[in-house]
Amino acid sequence: MKKGQVYEGTVERMDFPNKGIVILEDGKKAVVKNALPGQRISFSINKVRKGRGEGRLLKVLEKSPLELNEIPCEHFGTCGGCTFLNLSYEKQLELKGHQVRQLIGPVCDIYQDQRDGRAFSDIFEGIKESPRQFAYRNKMEFSFGDNYKDGPLCLGMHKRGSFHDIVTVSGCKIVDEDYSRILSAVLTYFQEQGVPYYHKMRHMGYLRHLLVRKAVKTGEILIDLVTTTQMENDAEESLLKGFQEVLLGISLEGKIVGILNTHNDSLADAVINEQTRILYGQDYFFEEILGLRFRISPFSFFQTNSLGAEVLYETVREFVADAGDDRVVYDLYSGTGTIAQMLAPVARKVIGVEIVEEAVEAARENTRLNNLHNCEFIAGDVWKVLDGIEQQPDFIVLDPPRDGIHPKALERIIHYGVKRMVYVSCKPTSLARDLEVLQARGYMVERVCCVDMFPASANIEVVCLLSKLRTKQNIEVELKMRND
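A brief look at the structure comes next.

Reading guide: rules and limits
- Residues numbered from 1 in each chain as written.
- Predicted model: local features only at pLDDT ≥ 70, side-chain atom pairs only at ≥ 80, totals over all residues.
- Heavy atoms only, no water.
- Helix = DSSP H or I, 4+ residues; strand = E, 2+ residues; numbered from the N terminus.
- Buried < 20%, exposed > 50% of the residue type's maximum accessible area, 1.4 Å probe, protein only.
- Contact = heavy atoms within 4.5 Å.
- Areas by Shrake-Rupley, 256 points an atom, 1.4 Å probe, with all protein chains shown as cover.
- Lys, Arg positive; Asp, Glu negative; His and termini not counted.
- Charge placed at Lys NZ, Arg CZ, Asp CG, Glu CD.
- Phe/Tyr/Trp six-rings, centres within 6.5 Å; stacked < 30°, edge-to-face > 60°.
- Lys NZ or Arg CZ within 6 Å of the ring centre and 35° of its normal.
- Expected span 1.5 Å × (residues − 1).
- Polar contact = N/O pair within 3.5 Å; in protein donor to acceptor, adjacent residues only side chain to side chain.
- Pairing = 2+ DSSP bridges.
- Right-handed = clockwise from strand over helix to strand, strands pointing away.
- Axes fitted to C-alpha atoms, helices over the stretch in contact; angles between N-to-C directions.
- Left-handed = near helix turned anticlockwise from the far one by under 90°.
- Core = buried A, V, L, I, M, F, W, Y, C linked by side-chain atoms within 4.5 Å.

A closer look at the overall build of the chain
Part 1 of the argument: When helices and strands are tallied, the chain shows 11 helices and 22 strands.
Part 2 of the argument: Reported as C-alpha extents along the three principal axes, the dimensions of the chain are approximately 75 × 65 × 35 Å.
Part 3 of the argument: Expressed as a percentage of its 484 residues, the buried residues of the chain come to 53%.
Part 4 of the argument: Across the chain, every contact between residues at least 6 apart in sequence was considered, and the portion connecting residues at least 24 apart equals 62%.
Part 5 of the argument: Summing over all exposed atoms, the chain offers an accessible surface of approximately 22,000 Å²; the carbon and sulfur share of this is 47%.
Part 6 of the argument: Across the chain, the mean location of the 61 positive side-chain charges is 5 Å away from that of the 68 negative side-chain charges.

As structure tokens, this is what we get:
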């Protein structure tokens with residue numbers, strides 16, 4: 001295989017998250033993203049590593065037997081936002097479940113004897129569905145750009161496989177109709193005004209992103225227009241006044257509670273907050289999860305599937321429930337403190353650690369809002385902060401970012417020697433790596449359950465319950481820790 005060559009082949013399987021595996025006639029393997037098992041495809045080779053090619057999908061020559069006859073979104077395949085929208089929801093769950101078994105099963109089965117001979121299939125509890133397959137997201141980050149070079153202004157998602165081109169995704173199926181109404185009105189307004197988007201190569205232009213967040217339970221909507229500072233103050237004020245009037249004139253099912261403008265002159269193609277001001281209303285909205293109320297700012301981390309989050313947190317609470325309620329719980333990588341507050345009623349004290357200071361402030365505000373008095377939140381890197389906490393944990397909940405737990409932090413966590421911990425992962429490959437270390441150091445995986453927080457995408461949340469084995473070596477370590 002050489003870079004630039006074009007091949008045809010049938011996809012044998014899909015590895016996590018979206019890597020189609022094609023075995024060529026000569027026995028060589030190629031990895032092609034976004035290709036489904038059973039599809040016959042043509043693809044070009046982008047790179048070759050150790051005899052394995054990495055290819056770019058050119059065309060689906062024959063559909064997979066797994067695919068739907070009619071795809072529910074006209075933008076699928078062009079828009080880079082969804083991976084599995086051409087599958088029934090049942091098939092999506094089957095594929096994700098298979099991928100988790102393939103990744104986590106072998107890692108756990110190495111230590112099968114620790115579970116009295118129970119295999120991974122005995123402890124894997126399957127996948128819990130998202131309460132909604134469509135219109136489930138509470139946040140979208142739309143980008144300004146064009147569909148092709150020097151084309152008209154667009155607002156939406158990046159084209160699949162493209163860094164530059166944008167697809168205007170009116171009618172997107174993973175959000176409700178209010179998002180499409182807002183997107184269409186904003187795009188029309190700025191097209192009529194002739195306002196240029198920020199060109200990532202020339203570093204010129206004004207419009208960058210449109211951030212829309214809408215609570216499922218309260219219906220409150222927060223809208224943030226992200227722009228550069230490349231416009232004179234008077235002209236910008238007039239433009240933003242018209243922008244505000246357009247938004248407030250839209251007929252929506254929800255209610256706009258805040259309109260913001262964030263300035264971002266960073267070279268990175270991301271929503272970065274360098275300065276945010278309120279154009280209308282307030283800079284936050286409220287959402288409710290399992291009877292608790294959360295105040296959410298435009299850049300606060302919050303699960304993007306509110307109803308799915310209830311399923312996820314109920315699962316975590318179930319895994320924690322049989323460990324007793326007179327204990328200190330560490331909620332590590334706590335974000336805005338949602339898990340900590342879910343666990344507060346069944347704990348003596350919950351201590352959350354999170355590196356993002358804005359998220360920590362939001363967590364503290366939310367505990368006051370929910371009248372919870374046994375939660376404490378600390379800002380800092382987990383592996384640097386843990387040594388400074390006086391109260392030792394009886395139970396630990398881990399909900400790290402996609403890359404998993406830093407090895408130094410994992411060592412400190414293991415050193416506590418808690419009898420049980422729950423690991424919540426949004427990336428099974430990172431979880432598999434960390435489980436290898438945890439099991440080698442004396443922890444046993446007792447239960448594994450998935451929660452589908454992201455229908456139509458290749459992502460999945462995995463929840464694991466681990467318990468500590470009482471080996472002779474572990475007991476000696478515990479005695480030494482107590483003596484120290």
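After that view of the structure, there is still more to cover.
Some thoughts on the packing of aromatic side chains
Here the distance between the centres and the angle between the planes together describe a pair of aromatic rings.
Part 1 of the argument: Applying the stated criterion to the full structure yields eight aromatic pairs.
Part 2 of the argument: Judged by centre distance (5.5 Å) and plane angle (80 degrees), the rings of Tyr284 and Phe286 are edge-to-face.
Part 3 of the argument: Over the aromatic face of Tyr198 sits the side chain of Arg208, whose NZ or CZ is 4.1 Å from the ring centroid.
Part 4 of the argument: Its guanidinium or amino end placed over the ring of Tyr284, Arg295 lies 3.7 Å from that ring's centre, counting from NZ or CZ.

Quick notes on helix α5 (residues 306–321)
Part 1 of the argument: For α5, with 16 residues, the first-to-last C-alpha span of 22 Å sits near the 22 Å given by 1.5 Å per residue.
Part 2 of the argument: With respect to burial, α5 is a largely interior element, 12 of its 16 residues being buried.
Part 3 of the argument: All of the buried residues along α5 are Ser306, Leu307, Gly308, Ala309, Glu310, Val311, Leu312, Tyr313, Thr315, Val316, Phe319 and Val320.

So, the side chain of Gln439
Part 1 of the argument: Counting through the fold element by element, Gln439 comes out in helix α10 (residues 428–440).
Part 2 of the argument: Owing to a relative accessible area of 1%, Gln439 belongs among the buried residues under this scheme.
Part 3 of the argument: A distance of 3.2 Å separates a polar side-chain atom of Gln439 from the backbone oxygen of Val107.
Part 4 of the argument: With residues near it in sequence (within four places) discarded, Gln439 still touches Val107, Cys108, Tyr111, Gln114, Arg115 and Val445.

Things to note about the environment of His373
Part 1 of the argument: Summarising the element assignment, His373 is placed in the loop between α7 (357–369) and β18 (375–379).
Part 2 of the argument: Sequence spacing of His373 and Leu292 is 81 residues, and the spatial spacing of their C-alpha atoms is 14 Å.
Part 3 of the argument: A polar atom in the side chain of His373 sits 2.9 Å from the side chain of Asn371.

Regarding the pairing of strand β20 (residues 420–425)
In the case of a regular strand, side chains alternate between the two sheet surfaces.
Part 1 of the argument: A large share of β20 lies buried, amounting to five of its six residues.
Part 2 of the argument: The pairing of strand β19 (residues 395–398) with β20 spans four bridges and is classified as parallel. When the sheet's bridge partners are listed, Val397 is paired in β20 with Val422.
Part 3 of the argument: Between the parallel pair β19 and β20, the chain is carried across by helix α9 (residues 407–416), and the sense of this crossover is right-handed.

Structural notes on the pairing of strand β10 (residues 207–214)
Part 1 of the argument: The buried fraction of β10 amounts to eight of the eight residues, a majority that puts the element mostly inside the structure.
Part 2 of the argument: By the bridge criterion, five bridges tie strand β7 (residues 139–146) to β10 in an arrangement that is antiparallel. Among the inter-strand pairings, Met140 is bridged to a residue of β10, identified as Val212.
Part 3 of the argument: Here seven bridges tie β10 to strand β11 (residues 220–227), and the two strands are oriented antiparallel to one another.

A short note on the sheet that holds strand β1 (residues 6–15)
Part 1 of the argument: Here five strands make up a closed barrel; going around it, the order is β1-β2-β3-β5-β4 and the pairing mixed. Each strand axis lies, on average, 50 degrees off the axis of its neighbour in the sheet, ignoring direction.
Part 2 of the argument: Where strand β2 (residues 19–23) meets strand β3 (residues 29–33), five bridges bridge the pair, whose relative direction is antiparallel. If you follow Val22 over to β3, its bridge partner there is Ala30.

Concerning the packing of helix α3 (residues 177–193) against helix α4 (residues 233–248)
To describe two helices that pack against each other, one gives the angle between their axes and the distance between the axes.
Part 1 of the argument: For the pair α3 and α4, the least separation of the axes is 10 Å and the interaxial angle reads 145 degrees. The crossing of α3 and α4 is right-handed. Contacts between α3 and α4 pair Ile182, Ala185, Val186, Tyr189, Phe190 and Gln193 from the former with Ser238, Leu239, Gly242, Phe243, Val246 and Leu247 from the latter.

Quick look at the nonpolar core
Part 1 of the argument: Among the nonpolar cores identified, the biggest contains 82 residues, and Phe144, Ile182, Phe190, Leu210 and Phe243 are the most heavily contacted of them.
Part 2 of the argument: For this core, the element with the most residues is α3, which contributes eight residues.
Part 3 of the argument: For Leu210, the contacting residues outside a window of four places in its chain are Met140, Glu141, Phe142, Phe144, Leu155, Ile182, Val186, Ile223, Asp224, Leu225 and Phe243.
Part 4 of the argument: Ranked by size, the runner-up nonpolar core spans 42 residues in total, among them Val353, Ile396, Tyr416 and Met421.

Re the sheet that holds β7
Part 1 of the argument: Sheet architecture is open: seven strands sit in the order β9-β8-β7-β10-β11-β12-β13, paired in mixed fashion. For this open sheet the edge positions go to β9 (166–167) and β13 (275–281), each flanked by a neighbour on one side alone.
Part 2 of the argument: Pairing analysis gives six bridges linking strand β12 (residues 255–263) to β13, with the strands arranged antiparallel. Looking at the pairing, Leu260 lines up with Ile278 of β13.

So, α10
Part 1 of the argument: An ideal rise of 1.5 Å per residue puts 18 Å on 13 residues; α10 measures up with 18 Å between its terminal C-alpha atoms.
Part 2 of the argument: Residues of α10 that are buried include every one of Pro428, Ser430, Leu431, Ala432, Asp434, Leu435, Leu438 and Gln439, and no others.
Part 3 of the argument: Buried residues along α10 sit in contact with α1 (89–109), α9, β20, β21 (443–451) and β22 (461–468).
Part 4 of the argument: Two residues or fewer past α10, Gly442 is found with a positive phi of approximately 105 degrees.

Let's talk about unusual backbone geometry
Outside of glycine, negative phi angles account for most residues, and trans bonds account for most peptide bonds.
Part 1 of the argument: Pro17 follows Phe16 through a cis peptide bond whose omega is -5 degrees.
Part 2 of the argument: Structurally, Pro17 can be placed in the loop between β1 and β2.
Part 3 of the argument: Its identity as a non-glycine residue notwithstanding, Asn34 has a phi of 65 degrees, on the positive side.
Part 4 of the argument: The backbone of Tyr333 sits at a positive phi, close to 65 degrees, despite the residue not being glycine.
Part 5 of the argument: Looking at the secondary structure, you find Tyr333 in the loop between β16 (328–332) and α6 (338–343).

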